[in-house]
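A structural walkthrough
Each chain is listed here by its residues.
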Amino acid sequence: QSIAQEVVGLLCMVLLTLTALVANTVVMVVILKTPLLRKFIFVCHLCVVDLLSAIFLMPLGIISSSSCFNRVIYSIAECQALIFLNVCFISASILTISIISVERYYYIVHPMRYEVKMTIRLAVAGVIFIWVKSVLITVLALLGWPQGNGATSASRCTVYWSPGAHKKIFVIIFSIVCFVLPTIIIFAVYCSVYRVARMASLQHVPVPAQVAAPRHRSDSIASQVTIITTRNLPLPRLTPERFLGSYKAILTLVLIVGQFLCCWLPFFAFHLHSSVTAGTVGGGHGEMVVTWIAYSSFAINPFFYGLLNRQIREELARLRRSCLNRPLGQELCLSVSEASVPENFLQFLQRATCTLETHASCISPSPRNRLDQTKMGFPIPGQVPEESS
């Protein structure tokens, strides 16, 4: 039974590593090859971090976690290098996810401010901040390590191998900086997104028939803008569209925040518990399990932050079609209504709140006004522009 468990565990670790390699490479190549997708610079950076983790960190994690490699011996320098990669890549990945959440917040709630302030210089500064902070945290982890030509087995090469009073301090700082604060940021951001979702669902209810008609009708564009007296309107009812919008908002919040917590909460909870209850912990089955649950984030991130994006998925379908020389009619590409719920819902919110910066009302035009707008060739003031799918 133990041999079967070891084989199954080894296969799962190898499968996660291969998935992280392929998925992150695909998303990164699609973003870099498509000029219109290069605005997803932080998503591309997340794929780079996760790809580096899949190349360097996860194979070393397989050697440290599987009993098939019990005879592998690490020197002090090799073990320090493994700890450096572990802490640095984990910090960089989590900090990048936090910045992506903040970027989405401004993209949705303050789209005009986002278009003005989101520049290449700001993006590069964000990437530099991520790596500087990750390296500083890693240096703190390596303080107090023994010097010399000592060695240890691969299974004992953990942050607890070098005992010291500062290990407890490091684990607490590491957990606060790389888990507690990012969790608060992510949760607060997507709660704000949920509130915007409710506002958008209220703004996109059908317009009531009680409208104030102008006395003198003309053919100008201004005469086609409907003036609604909001104080005389009844309270909006819970329509199916509003219910679906709230459901998608909750689903988006649960998927993104839930995936982050499921991957990283066991890892940091285990290390906090170990550092508080015991001074020295030398590996073990529990640490191996929570470590690979955390490593699974490297394989899941490209799906949640890359392939769920409709634009990235469409470009991937075009690249696949060009490689297979398929005709245009056979392209496997999802429409807006068939695309994934989280990313399309975020794009819907960005369109629905595009007028929040100017404090204008997002009023759905009537079929007549929409037809007149199409004929005239330019938008009616106050109307939310729609993307062509």
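Per chain, residue numbering runs from 1 following the sequence as it is written. Restriction of local features to residues with pLDDT of at least 70 applies here, the model being predicted, together with a cutoff of 80 or more for giving and counting side-chain atom pairs; totals for whole chains, interfaces and linings are based on all residues. Calculated side-chain values reflect all of the structure's heavy atoms, with hydrogen atoms and water omitted.

Named according to an unreviewed UniProt entry, the protein chain is G-protein coupled receptors family 1 profile domain-containing protein originating from Aptenodytes patagonicus. UniProt positions are given in the numbering used here, feature names are shortened, and annotations may be inferred rather than shown by experiment. Recorded in UniProt for the protein chain, the comment headed Sequence similarities (unreviewed entry) runs: "Belongs to the G-protein coupled receptor 1 family." Recorded in UniProt for the protein chain, the comment headed Subcellular location (unreviewed entry) runs: "Cell membrane".

Some words on helix 2 (residues 41-65)
Relative to the 36 Å expected for 25 residues at 1.5 Å per residue, helix 2 spans 33 Å between its end C-alpha atoms, a close match to the ideal helical length. The largest bend along helix 2 reaches roughly 40° and is located at alanine 54. Numbering of helices and strands runs from the N terminus; a helix is a DSSP stretch of H or I covering at least four residues, while a strand is a stretch of E covering at least two. The length a helix should cover is 1.5 Å for every residue beyond the first. One axis is fitted to the seven residues ending at the residue and one to the seven starting there. The bend at that residue is the angle between these axes.

Focus: the pattern of salt bridges
Each reported salt bridge corresponds to a side-chain nitrogen of Lys or Arg within 4 Å of a carboxyl oxygen of Asp or Glu. Under the counting rule described, the total for this entry stands at two salt bridges. Taking the shortest distance from any N to any O, the salt bridge between arginine 310 and glutamate 314 comes out at 3.5 Å. Of this pair, arginine 310 and glutamate 314 both sit in helix 9 (residues 310-324), separated by four residues, roughly a single helical turn. Taken as a pair, arginine 310 and glutamate 314 share a single burial class, namely buried. Relative accessibility under 20% of the residue-type maximum defines a buried residue, over 50% an exposed one, and the middle range a partly exposed one, all with a 1.4 Å probe and only protein chains included.

A short note on the nonpolar core
Membership of the largest hydrophobic core comes to 68 residues, with the highest contact counts inside it found for Ile90, Phe170, Phe174, Tyr190, Trp264, Phe268 and Phe298. Looking at this core, the elements with two or more residues in it are helix 1 (2-33), helix 2, helix 3 (76-109), helix 5 (120-141), helix 6 (166-203), helix 7 (240-277) and helix 8 (285-307). At twelve residues, the largest contribution of residues to this core is made by helix 3. The contact definition used throughout considers only heavy atoms, calling two residues in contact when any of these lie within 4.5 Å. Not counting residues within four places of it along the chain, the set of residues in contact with phenylalanine 298 comprises Ala20, Asn24, Asp50, Ser53, Leu57, Met58, Ile90, Ser93 and Trp264. Take the buried Ala, Val, Leu, Ile, Met, Phe, Trp, Tyr and Cys residues and link them wherever side-chain atoms come within 4.5 Å; each set so joined is a nonpolar core.

As for the packing of aromatic side chains
Pairing of aromatic rings covers Phe, Tyr and the six-membered ring of Trp, with a centre-to-centre limit of 6.5 Å; geometry is then stacked below 30 degrees between planes, edge-to-face above 60, and tilted otherwise. Under the criterion given, the structure shown has 13 aromatic pairs. Centroid distance phenylalanine 170 to phenylalanine 174: 5.5 Å. Interplanar angle 10°. Geometry classified as stacked. Residue phenylalanine 170 and its partner phenylalanine 174 are both found in helix 6; the two are separated by four residues, about one turn of the helix. On the basis of relative accessible area, phenylalanine 174 is assigned to the buried category, the value being 7%. Plain terms: the ring middles of phenylalanine 174 and phenylalanine 268 are 5.2 Å apart, the flat faces sit at 50° to each other, and that makes the pair tilted. Separated by 94 residues along the polypeptide, phenylalanine 174 in helix 6 and phenylalanine 268 in helix 7 bring together distant segments of the chain. Across the pair, exposure class does not vary: phenylalanine 174 and phenylalanine 268 are buried alike. Among the aromatic residues, ring-to-ring pairing joins Phe170, Phe174, Phe179, Phe260, Trp264, Phe267, Phe268, Trp292, Tyr295 and Phe298 into one connected group.

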